[in-house]
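A look at the structure
This is what each chain is made of:
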Number of protein chains: 2
Amino acid sequence: MSHSYEYPRAALTVDCVVFGLDVDDLKVLLIQRKLPPYQHAWALPGGFVHVDETLDEAARRELAEESGITDVYLEQLYTFGELDRDPRERVVSVAYYALAKLSDHRIRAATDAERVAWFALDGLPRLAFDHARIVEKAIERLRGKVRYTPIGFELLPPRFTLTQLQRLYEIVLMRPLDKRNFRKKLLSMDLLIETDEVEQGVRHRAARLYRFDRKKYEKLTRQGFSFDL
Amino acid sequence: MSHSYEYPRAALTVDCVVFGLDVDDLKVLLIQRKLPPYQHAWALPGGFVHVDETLDEAARRELAEESGITDVYLEQLYTFGELDRDPRERVVSVAYYALAKLSDHRIRAATDAERVAWFALDGLPRLAFDHARIVEKAIERLRGKVRYTPIGFELLPPRFTLTQLQRLYEIVLMRPLDKRNFRKKLLSMDLLIETDEVEQGVRHRAARLYRFDRKKYEKLTRQGFSFDL
DNA sequence: CATCTTAGTGTAGAAGCTACACTAACAAGT
DNA sequence: ACTTGTTAGTGTAGCTTCTACACTAAGATG
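Residues numbered from 1 in each chain as written. Chains lettered and ligands numbered in written order. Predicted model: local features only at pLDDT ≥ 70, side-chain atom pairs only at ≥ 80, totals over all residues. Heavy atoms only, no water.

The subject of this paragraph is the interface of chain B and chain A. Contacts between the two partners involve 31 residues from chain B, matched on the other side by 31 residues from chain A. Counting the surface lost from both chain B and chain A, the interface buries some 2600 Å², and carbon and sulfur atoms represent 53% of this. The largest per-residue losses of area from chain B upon contact with chain A belong to Tyr5(B), Arg9(B) and Val51(B), which jointly make up 23% of the total buried on that side. Linking chain B with chain A are 2 salt bridges, by the criterion used here. Among the ionic pairs, Arg9(A) bridges to Glu89(B), the shortest N-O distance being 2.7 Å. One can count 14 residue pairs in polar contact (both at pLDDT 80 or more) joining chain B with chain A. Tallying contributions element by element places strand 6 (residues 73-80) of chain B first for the side of chain B that touches chain A, with 4 residues. Pairing geometry for strand 1 (residues 3-5) of chain A and strand 1 (residues 3-5) of chain B, over 3 bridges, is antiparallel. (Contact = heavy atoms within 4.5 Å. Buried area = accessible area lost by both parts, 1.4 Å probe. Salt bridge = Lys/Arg side-chain N within 4 Å of Asp/Glu carboxyl O. Polar contact = N/O pair within 3.5 Å; in protein donor to acceptor, adjacent residues only side chain to side chain. Helix = DSSP H or I, 4+ residues; strand = E, 2+ residues; numbered from the N terminus. Pairing = 2+ DSSP bridges.)

Looking now at empty space enclosed by the protein. Residues and elements named next belong to chain A. For the coordinates displayed, the defined rule picks out 4 cavities of 30 Å³ or more. Lining the largest cavity are Phe153, Leu165, Leu186, Met189, Leu191, Leu192, Phe212 and Phe227. Within the lining of the largest cavity, the residues separate by chemical class into 8 nonpolar, no polar and no charged. (1 Å grid on protein atoms, 1.4 Å probe; cavity = no way out; pocket = protein on both sides within 12 Å on 5 of 7 lines; lining within 4 Å. Points joined across faces, edges and corners; volume = space filled by probe spheres on them. Nonpolar A, V, L, I, M, F, W, Y, C, P; charged D, E, K, R; others polar.)

Let's shift gears to the protein's contact with DNA strand D. Neighbouring DNA strand D are 19 residues, the closest being Asn181(A), Thr163(B), Lys179(B), Arg183(B) and Lys184(B). Within 4 Å of the protein, the atoms of DNA strand D are drawn from sugar and phosphate moieties in a proportion of 40%. At 2.9 Å, a side-chain N or O of Lys184(B) approaches a base oxygen of DNA strand D. With respect to DNA strand D, the side chain of His204(B) contributes an N or O atom lying 3.4 Å from a sugar or linking oxygen. Counting residues per element, the ones that place at least two in the surface near DNA strand D are helix 4 (179-189) of chain A together with helix 4 (179-189) of chain B. (Near = heavy atom within 4 Å.)

Let's shift gears to the relation of the copies chain B and chain A. For the pair chain B and chain A, the superposition axis carries a translation of 0.0 Å, the fit reaches an RMSD of 0.0 Å, and the rotation angle comes to 180 degrees. Within this description, the copies of the chain are treated as partners about a two-fold rotation axis. Within chain B, the C-alpha atom positioned nearest to the axis of rotation is that of Ser4(B), 1.9 Å from it. Here 100% of the interface residues in chain B have copies in chain A that are interface residues too; the copies meet face to matching face. (Least-squares fit on C-alpha atoms with pLDDT ≥ 70 in both.)

No statement about biological role is implied by the geometric values presented.
Here is the structure:
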């Protein structure tokens, strides 16, 4: 079936930068393209927006289809509309970024992907299209946003140690933080709930596990509080 | 002439939220629609993206065509892709926001606009489409961004008094600021150049005029400095 | 019981933030 | 020339927050 319009139209796609936190670096999920253009090149998961789905829906659908990832924190990043982004025709792409708990996801290649894999940020392969730029922008955004919203918790399991949390910030912000000052600051916000559990399976003193109190955060936010690392 | 595609495609538009600073409030530029849908309703300037222009180009073109405004600070805001935004068909809109120096622009209605006018933020008429939401989002962004980038200067003439600058921040942030503390802070950043001129035509002691040192700001930024009000 | 590794804790000095009020300059009107 | 009205321009003290920094305690392992 064919659809015609009076004026030519750009094709509309979504692309997702999925971040995952590994032991000591931040990773990005890439797929290897099965089809041209950029056949066999690594690229961001993404694809065409259907005419009957919203942009957010399209992003989640493509993520699930191409990599098997679901239930992530997902947020729109930026829309890329340069003329020559895609060699085939004019394609405008709405980019998203997502934060996933690495351990949660058994990734698997599907549809247009030959393979799927996590890559450390400082070891990315050459990417298809303008995807390198999109990743750049996503990192910038994550770095900015992590400081004034509690978005970072999306990268950790529901229960985490303060050391894990500190590590997360050190990795994202790319600078060391002082242990005592970090703990003081976070605990003083009063948004972490101390659980009665400790981490398991470590061969040293086990650290206490905490949860992030999202309810309280939302309440305080409505009262004008603002998270600030 | 007609263009056909294998799958149906959303139409792509841009919409612009243009802010201008008036004596004591922030204004938004609106146009009154000449044509249906929402005929005669007030709406954001905007329109369809041509297949051979980038999104930024489309935004500037529409702004110029519909309101006569050129040479403004323009930045992409967010892309709106709900299914029922437009009663005619699926339309995805890339929203921009712009900062204009009110005095600079002789606005004029053209093309699809019956009229063009500035409206105070707290006196907006009912808007066409989901434009009220877009304006909301733009305000949020402006409020956030004004604090950690020197974007506010885009709303002032090239030479301004410290009182004008303070007024700007008070208006955007919607809270009073302390005169002495404000001046101390801004001058201590060392990004304002004191000119040898003073304001004209006031019937009281004239205040000194300053310029924003963009060059220096960019240099400091590269060295890791970050503007913070 | 010795060893290894990370958890968990306090303080002093520096820097930055807040609150606050008066004099100086200039223009306009008498 | 002087009075009036209006805004410009300026410093400080107290409080809060940030920074830098090192040792003991807990628990696991052999």
